There are 4 protein chains.
Amino acid sequence: MTAPISEQLPADELREEGQRKMEWARQHMPILDSLREEFEENQPFAGERIGMAMHVEAKTAVLAETLAAGGAEVAITGCNPLSTHDDVSVALDAVDGVTSYAKRGVDDDEYYEAMEAVIDHEPTITVDDGGDLVFAIHEEYPELIDTILGGCEETTTGVHRLRAMDDDGALEYPMFAVNDTPMKRLFDNVHGTGESSLASIAMTTNLSWAGKDVVVAGFGYCGKGVARKAAGQNANVIVTEIDPRRALEAHMEGYDVMPMDEAAAEGDVFITTTGNRDIIVDEHFDAMDDGVVLANAGHFDVEIDLEALESKAVDSYEAREGMQAYEMADGRRLHVLAEGRLVNLATPVSLGHPVEVMDQSFGIQAVCVREIIENGDEYDAGVHEVPDALDREVAEIKLDAEGVGIDDLSDEQEEYMNSWQHGT
Amino acid sequence: MTAPISEQLPADELREEGQRKMEWARQHMPILDSLREEFEENQPFAGERIGMAMHVEAKTAVLAETLAAGGAEVAITGCNPLSTHDDVSVALDAVDGVTSYAKRGVDDDEYYEAMEAVIDHEPTITVDDGGDLVFAIHEEYPELIDTILGGCEETTTGVHRLRAMDDDGALEYPMFAVNDTPMKRLFDNVHGTGESSLASIAMTTNLSWAGKDVVVAGFGYCGKGVARKAAGQNANVIVTEIDPRRALEAHMEGYDVMPMDEAAAEGDVFITTTGNRDIIVDEHFDAMDDGVVLANAGHFDVEIDLEALESKAVDSYEAREGMQAYEMADGRRLHVLAEGRLVNLATPVSLGHPVEVMDQSFGIQAVCVREIIENGDEYDAGVHEVPDALDREVAEIKLDAEGVGIDDLSDEQEEYMNSWQHGT
Amino acid sequence: MTAPISEQLPADELREEGQRKMEWARQHMPILDSLREEFEENQPFAGERIGMAMHVEAKTAVLAETLAAGGAEVAITGCNPLSTHDDVSVALDAVDGVTSYAKRGVDDDEYYEAMEAVIDHEPTITVDDGGDLVFAIHEEYPELIDTILGGCEETTTGVHRLRAMDDDGALEYPMFAVNDTPMKRLFDNVHGTGESSLASIAMTTNLSWAGKDVVVAGFGYCGKGVARKAAGQNANVIVTEIDPRRALEAHMEGYDVMPMDEAAAEGDVFITTTGNRDIIVDEHFDAMDDGVVLANAGHFDVEIDLEALESKAVDSYEAREGMQAYEMADGRRLHVLAEGRLVNLATPVSLGHPVEVMDQSFGIQAVCVREIIENGDEYDAGVHEVPDALDREVAEIKLDAEGVGIDDLSDEQEEYMNSWQHGT
Amino acid sequence: MTAPISEQLPADELREEGQRKMEWARQHMPILDSLREEFEENQPFAGERIGMAMHVEAKTAVLAETLAAGGAEVAITGCNPLSTHDDVSVALDAVDGVTSYAKRGVDDDEYYEAMEAVIDHEPTITVDDGGDLVFAIHEEYPELIDTILGGCEETTTGVHRLRAMDDDGALEYPMFAVNDTPMKRLFDNVHGTGESSLASIAMTTNLSWAGKDVVVAGFGYCGKGVARKAAGQNANVIVTEIDPRRALEAHMEGYDVMPMDEAAAEGDVFITTTGNRDIIVDEHFDAMDDGVVLANAGHFDVEIDLEALESKAVDSYEAREGMQAYEMADGRRLHVLAEGRLVNLATPVSLGHPVEVMDQSFGIQAVCVREIIENGDEYDAGVHEVPDALDREVAEIKLDAEGVGIDDLSDEQEEYMNSWQHGT
């Protein structure tokens, strides 16, 4: 049985560094800061047990402590074997009301054991990043479902899995699709994934974006963010897509659009953002230039077919920390970052999403958890969109913190917008 | 009773110029070109009467002739008193199966008489831009509604009016909200409104965007387009909004966001894109600098309170063609383009949306008209979204015409996207 | 002998419109406004005769009246047969101290006769745009050179011609290379040529930039401006160059770079900015797609080989005002704007450079004219750079007018910048 | 007396990692690769001793080995106490013909002792980054100057110091101002400093650029790069300047421009790029918001007045690795990265300039060293611009490596460009 992280690692050595990281994050998370004040006063989560499976680093830790501040008992583990910051996990484990089981570099068995440890707390609410926790409960611990009020899911991929479950009639409690809110998609996916993926790649490879041919697979919100930020660093962006509307959108923003079969021969850097599998596969490796860099910014490590790459490589070595070189029979070397896992989380220098971006996503998570408790009985089992008012509430808190003012709708304007008897 | 335009104007003098304009448009409208071939062969509209109220210039004319090529009897008039190109109207009137009543510079009475002339054809399908035709039929000719199969509406504002009608239970036949498709919103609103509004302003004022403070009111699709294109010309963009999410989005794209009360004192150029009334009003005029330029890129001329401006001006004169100067008591001069009407249509040099952009919007209109005839009985009275397959069809035609290739989803990928049992 | 324009055209009909255009320009030319005040008070040009050959439209007219306000007798003609605004020419002719001979649409003989009329005033100072006036004086009226104090030249091309003259020892009085100042190059070439060329093309063709392949020939200041502004409208920019450094610069900004032989087959729109001849020639026309648009943003109409195009065309007609279609034997149609002349000046809708941009260029012209009078004897015959202090003076006037503040160098900072004994 | 680095550190442990880093760099430095081949064959440096003081990391190491491959005896040390990578220094020390004395974290005495160790090799050529080596030789070892053929200097700041020496008549051998070439300024300063500074800040702070107010002090090439790349990440950029032309240039690119006194209260992140001292000083700290981040991208640590900051702080602690927090009496916390040293080199995650960018700069260094040997007697003591042909040669090698083609000037075009008798 997995023990809390403080019992597994030298907690006294690690805790202060973790707390320092959390303090920095806290300074740049004004939304959670504002909600923490509210929660401390109202104790909306008193008596609840919240199970979390997330990338455990400073920002997530601030969410966990914010929920605990509202009276919840929080148990948390990682949602990716390489993304935990041990120091933060230890610091978080020391917070009143929080138990952390997250540890970096666990193997598959340890990963699921830690998840079981969280489930063992018999959560009444689940907060997920990728859907592993919801899925484990449904598969292995269906008996818990009765007492679960609901949950939230953070990622594109996780929501995708939940919708597939829901379509199969297999999702047995209400889940908020936090990923699908305008707030989340625009800020987390576009700005967060875009900026942090590029910075992780730059700081792992020491290469420049200027003049590079950067192939972005997928032109959803993540792909848009990666494309726009890469172009903003003077890269020449090439987009691959399967949807004709998105392909056309990319084309009309001025990007080159082509199938991966062609793009493979053009790119210097490849970044996958599709959420799907087998985006860069066998025949593409054959077409690539010597020296190319491959990175994945989608949730799972299935976008680049590493198995195929390994099987055709005659040699393989760590070219730089966080980047493996695969040497082909003809001497070409292809470089894969972070073993094809999320590049903005899983290289040695990666820090995950920027703090402020996560403040927005986590702010929505926090108000969704509050909504589950306050109005959970209004939601059937299944995937639910985040109520508009909650999304709006979080945006207002943020604008307020940034000192940004907006206009109000006058009565005449509201009347005008709701009427239809105006002519030319 | 309004006569066809060829009987009102010297048709022989105007026709050739109109045909030349239509020929140029036709060359850059590959989607309508492809659909016209299909329609000519299949005659899907044989026996139908299509009533249209649109900005009658070269591109709209190509849509009208495309519908006529499919066997329809088309009757068309303008949807704005200043946006008709008389030469095109005459040339269109000469097309087999088309009667045009549109004329530039009509007064209110003439405007509605021309609309009545169209209605007099007893249309079975209506194609609208702003909703005036639908509205006139519902208000004045309810007896026609029984034989109307359905219609399409092109604009944000028109869809807005239709939804309001629908909410009141007052919309009595099915209408496709062409404006709301991804294709329309992204291309027409973002690229079309953005580029053509800025070019119209530049070519009316002869001013530069570089270093200008440009206030964009509203950050919907039109506002985003105007903001992005203005920033792309090195303007410093200021955004005003009433929705906190959009305001935050603008803020995180790097724009300044503030209430109009503050922006009024900052801007050199003001562009309204809200679709609402009273965006720039009395107190704002007081705060503005000498020499500012005011333009509207929203559908109706209600966004800038011209009445208030006129009443406080001590003098007023045409500063340049298409731009009126209003002199304040303190000597400041504020300049309004195109009488506050749609700036990309209503100045002397304005050409409306770019040709290719309209090809996309009109391609959707054309397939929606086809859908009404083929499957109209599947749609209840009310506002309907454009079926995804139609939108997708148009995108595919366009990509094909541009020679842009995309990827296909493999069976394994499709299975993966529909499954939920994959873990980390 | 050419008469002043007011004697050639119906001056009373045209004057007011010209004055209205000048009034608008004056409002947006704060640098000339500030200098005019100074000149009116100090009368620095009293007794001097200034000969000018420039594009005569509102902005140039404000320069001419500013010089006249300083006491000069000004005689002006056009520097391009298609760029004169007759109404402005008439209005300018009515200004005290100014005689204008500029008329739109003159033939070659008339063009040079008008130039002779200016020369007939026996100018003591020449202000040129393209070098035709300086050249005519050196070739035809060398006897005048003795009394000429000096002159200014505005354009890249003109300065290029003057330097070639100077290298040949053929330039016999001092000329300021206004084109080469930072102020002129960055603002006039980058922002002015960039914005006005694109707006002229958009408003002549009614095409969109979004998703277009735009080939920019030359990556000097003008080419950079065109490329940047086109990319800012979501075009996909392709650059051709002869200089490897500029080519590399374009490549590292993220543009595609290739020889014109390849680019010819890729482009939708071609814009030449090189100042050189034969940029788009015979074999390129063969490679181009049906429907392409060709425009020139360099000074002379030698960049696109129109003769070759005409000789291979089977038909030719005006596709739109300001755009000629050339039909090839295989049915492809190539479209040339403004007969290959400066596209931002010579189409029917063109307005030349934006007002504020010209205010900066003309501000330098004005202080250079003042410098010639105050310190002309310090300059030998030949091309001279604009003294740094003059360029700086104009920048300061402009920042002041815009309300933009900057920092001052402290004594310690100045000492630091001039010392070399600081280490790590 | 300082020993080679391999005798100071556990070389066997460090060497392989250093070699791996050099191998990666070598793969992305096609210019040095091409020159190395040439040098190996021709041995241009046989018998010469090259003294280098540079940031010793992988890329510089490839330059050093390239020079050694040409037959030189190379001795190298660091030019900044914090920028050496010890593993690379050890690997470089193992290269035939190279001795490295560079070590990370040396104190002032050790820093100058290592420089003396290099000087002790009695270099015939010096290659500098910041000017410390040239300066030390002139101050302490003037007797060596007689045998020195010449040198190159890489940085803005170093060239600035050399020019000041030259103006004082104190520079006694020829130095190439590598910094001043178009190749160096545009690529190294704009792209290199821009991208690497922002990535270092992002990966040290974990903050987002989107929506941040980023104050860039100085709008030279480095400042332009930082500003453009920050705007490309959706920051709102504010520029401070002392030169009115540069200020106006920034204004017309759409940035806010204001004095630092005002900017201090506006910024979230401050980045100095001026090369001057005292850019952010005492009174600015008072005006800043809680949580601001301060970083320097100029050569020396004199731009932010750390002494003043320390003296007014009531507490100070390491907020994150590479970032020190200073707590003010009123509770505000200001954060300084890398102790105010070059942020793209001196934080724990910093990697210096991107590899390809340095390939260009170092390519020029290499051909300049070759020029000194081949034609050194043609250059007097003093600062020299890099001959145009060398700069061009390097650009051609790079374009060739990138597969980018350009056009050639025809004889007719060359004749046209050199003539002046063409008219309108």
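Keep in mind it's a predicted model, so treat the numbers as computed, not measured.

*Asks:* Just give me the short version of the overall build of chain A, but keep the residues and values in it.
*Replies:* When helices and strands are counted, chain A shows 18 helices and 15 strands. Whereas a compact globule of 424 residues would reach a radius of gyration of roughly 22 Å, chain A reaches 22 Å, a difference of no more than 12%. Viewed in the frame of its principal axes, chain A has a C-alpha envelope of about 75 × 65 × 45 Å. Burial status across chain A gives 67% buried among its 424 residues.

*Asks:* Go over the interface of chain A and chain B, please, and point to the residues and values.
*Replies:* How big an interface is tends to be expressed through the accessible area that disappears when the partners come together. Contacts between the two partners involve 71 residues from chain A and, on the opposite side, 71 residues from chain B. Across the interface of chain A and chain B, roughly 6,400 Å² is buried in total on both sides, 60% from carbon and sulfur atoms. For the interface between chain A and chain B, the tally reads 8 salt bridges. The salt bridge partner of D391(A) is R245(B), with a shortest N-O separation of 3.1 Å. In this structure, the connection of chain A to chain B is made through 18 residue pairs in polar contact (both at pLDDT 80 or more). Of the residues forming the side of chain A that touches chain B, the biggest block, 8 residues, is contributed by helix α17 (residues 388-402) of chain A. Across the side of chain A that touches chain B, the residue classes break down as 32 nonpolar, 17 polar and 22 charged.

*Asks:* Kindly report on the packing of aromatic side chains, identifying the contributing residues and their values.
*Replies:* All names here are of chain B. Applying the stated rule across the entire model yields 16 aromatic pairs over all chains. The interplanar angle of 80 degrees and the centroid separation of 4.9 Å between the aromatic rings of F176 and Y379 together place this pair among those described as edge-to-face. Residue F176 is found in strand β6 (residues 174-177), and its partner Y379 is found in the loop between α16 (355-375) and β15 (382-384); the two are separated by 203 residues along the sequence.

*Asks:* Residues and numbers for the sheet that holds strand β3 (residues 98-100) of chain B, please.
*Replies:* Residues and elements named next belong to chain B. What the 7 strands build is an open sheet, ordered β3-β2-β1-β4-β5-β6-β15; its pairing is parallel. Of all strands in the sheet, those with a lone pairing partner are β3 and β15, marking the two edges. On average, each strand axis in the sheet is tilted by 20 degrees relative to the strand beside it, whichever way the strands run. Direction of pairing for strand β4 (residues 125-128) relative to strand β5 (residues 150-153): parallel, over a ladder of 4 bridges. Opposite I125, over in β5, you have G150 as the bridge partner. On top of the sheet, helix α5 (residues 86-93) reaches β2 (73-77) and β3; it is set at about 150 degrees to β3, its chief contact. Of the strands in this sheet, β5, β6 and β15 are in contact with helix α8 (residues 156-167), which crosses β15 at around 135 degrees.

*Asks:* Outline the UniProt feature "domain: S-adenosyl-L-homocysteine hydrolase NAD binding" (unreviewed entry) in chain A, supporting the account with residue identities and numerical values.
*Replies:* In this structure's numbering, the residues bearing the UniProt feature "domain: S-adenosyl-L-homocysteine hydrolase NAD binding" (unreviewed entry) are residues 189-350 of chain A. Secondary structure within residues 189-350 of chain A divides into 36% helix and 22% strand; the distance between the first and last C-alpha atoms comes to 16 Å.

*Asks:* So what's going on with the pairing of strand β5 (residues 150-153) of chain C? Which residues, and what values?
*Replies:* All names here are of chain C. The two faces of β5 match: G150 and C152 on one face and G151 and E153 on the other face are all buried. On the question of chirality, the crossover connecting strand β4 (residues 125-128) to the parallel β5 by way of helix α7 (residues 132-140) is right-handed. Pairing between β5 and strand β6 (residues 174-177): 3 bridges, direction parallel. For C152, the partnering residue across the bridge sits in β6 and is F176. In this fold, the crossover linking β5 to β6 by way of helix α8 (residues 156-167) has right-handed handedness.

*Asks:* Describe in detail the relation of the copies chain A and chain B, supporting the description with residues and values.
*Replies:* Of the transformation superimposing chain A on chain B, the axial component is 0.0 Å and the angular component is 180 degrees, with the fit at an RMSD of 0.0 Å. These values place the two chain copies in the arrangement generated by a two-fold rotation axis. Residue by residue, 100% of the interface of chain A is reproduced at the interface of chain B, so both copies engage with the same surface.

*Asks:* Got a sec to walk through the packing of helix α9 (residues 182-205) of chain B against helix α9 (residues 182-205) of chain C? Specific residues and values, please.
*Replies:* Their axes nearest at 9 Å, the elements α9(B) and α9(C) cross at an angle of 110 degrees. In terms of orientation, α9(B) and α9(C) fall into the roughly perpendicular class. Contact with α9(B), carried on its side by A199(B), S200(B), A202(B) and M203(B), involves A199(C), S200(C), A202(C) and M203(C) of α9(C) and no other residues of that element. For the contact of α9(B) with α9(C), the per-class residue count stands at 6 nonpolar, 2 polar and no charged.

*Asks:* Before we move on, could you go through the sheet that holds strand β4 (residues 125-128) of chain D and cite the residues and values that matter?
*Replies:* All names here are of chain D. Reading across the sheet, the 7 strands line up as β3-β2-β1-β4-β5-β6-β15 and stay open at both edges, with parallel pairing between neighbours. Either end of the sheet is taken by a strand with one partner, and the two such strands are β3 (98-100) and β15 (382-384). Going across the sheet, the axis of each strand differs from the next one's by a mean of 20 degrees, ignoring polarity. Taken together, the 4 bridges between strand β1 (residues 49-53) and β4 define a ladder with parallel strand orientation. Its bridge partner lying in β4, A53 is registered against D128. Where helix α5 (residues 86-93) meets the sheet, its contacts fall on β2 (73-77) and β3, and the angle it forms with β3 comes to roughly 150 degrees.

What counts, and where the lines are drawn
Residues numbered from 1 in each chain as written. Chains lettered and ligands numbered in written order. Predicted model: local features only at pLDDT ≥ 70, side-chain atom pairs only at ≥ 80, totals over all residues. Heavy atoms only, no water. Helix = DSSP H or I, 4+ residues; strand = E, 2+ residues; numbered from the N terminus. Rg over C-alpha atoms; globule rule 2.2 N^0.38 Å. Buried < 20%, exposed > 50% of the residue type's maximum accessible area, 1.4 Å probe, protein only. Contact = heavy atoms within 4.5 Å. Buried area = accessible area lost by both parts, 1.4 Å probe. Salt bridge = Lys/Arg side-chain N within 4 Å of Asp/Glu carboxyl O. Polar contact = N/O pair within 3.5 Å; in protein donor to acceptor, adjacent residues only side chain to side chain. Nonpolar A, V, L, I, M, F, W, Y, C, P; charged D, E, K, R; others polar. Phe/Tyr/Trp six-rings, centres within 6.5 Å; stacked < 30°, edge-to-face > 60°. Pairing = 2+ DSSP bridges. Axes fitted to C-alpha atoms, helices over the stretch in contact; angles between N-to-C directions. UniProt positions renumbered as here; feature names shortened; annotations may be inferred. Right-handed = clockwise from strand over helix to strand, strands pointing away. Least-squares fit on C-alpha atoms with pLDDT ≥ 70 in both. Parallel < 35°, antiparallel > 145°, perpendicular 65-115°, else oblique.

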